[in-house]
Amino acid sequence: MTEHSDCIFCRIAGGEIPCDFLYADEQIVAFNDMHPQAPVHILIIPKKHIPSLAEMSEEDIALVGRINLVAAQLAEAVGIGKSGYRLISNCRADSGQEVPHLHYHLLGGRYLGAFTQQ
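This text gives an overview of the structure that appears in the document.

### What about the layout of surface pockets?
By volume, the largest pocket is sized at about 620 Å³. Looking at the largest pocket, it is lined by 23 residues, and the ones nearest its centre are D33, H35, L43, E98 and H105. Among the secondary structure elements, those contributing two or more residues to the lining of the largest pocket are α1 (8-13), β2 (28-32), β3 (40-46) and β5 (104-108). Counting residues per element, the lining of the largest pocket draws most heavily on α1, at 3 residues. By residue class, the composition of the lining of the largest pocket is 12 nonpolar, 9 polar and 2 charged.

### Brief notes about the pairing of β3
Counted residue by residue, β3 has 7 buried out of 7 residues, so it is predominantly covered. For β2 and β3, the ladder comprises 5 bridges, and the chain directions are antiparallel. Its bridge partner lying in β3, N32 is registered against I42. Of the strand pairs in this sheet, β3 and β5 are connected by 5 bridges, and their pairing is antiparallel. In the strand pairing of β5, L43 is matched with H105.

Reading the values: rules and limits
- Residues numbered from 1 in each chain as written.
- Predicted model: local features only at pLDDT ≥ 70, side-chain atom pairs only at ≥ 80, totals over all residues.
- Heavy atoms only, no water.
- 1 Å grid on protein atoms, 1.4 Å probe; cavity = no way out; pocket = protein on both sides within 12 Å on 5 of 7 lines; lining within 4 Å.
- Points joined across faces, edges and corners; volume = space filled by probe spheres on them.
- Helix = DSSP H or I, 4+ residues; strand = E, 2+ residues; numbered from the N terminus.
- Nonpolar A, V, L, I, M, F, W, Y, C, P; charged D, E, K, R; others polar.
- Buried < 20%, exposed > 50% of the residue type's maximum accessible area, 1.4 Å probe, protein only.
- Pairing = 2+ DSSP bridges.

All quantities given are derived from atomic positions and should not be read as evidence of function.
As structure tokens, then:
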């Protein structure tokens, strides 16, 4: 794991900040978002520090694929797999990314609506 001491997600993934993980393995952790935007709002993060999707490398492809698989498994485990869910990764400031560590939001538990052009 590449750790950055000033990154809150690195500190959570490394166990420095206590957290009730919904999922944890050698590469990934998942936990409930502190400010949920839906009845189910889980953050899924790699333990490796990658600032955003824009900074991922070829060696990260398997990790990002694994995150997607874990997201689908978590969706089933928390009961939103059949009704549907949204998996989002914001990339950099204009997208609303607040923590510069690659992470995914797994949202569900209610109708989330369709994206529309503005």
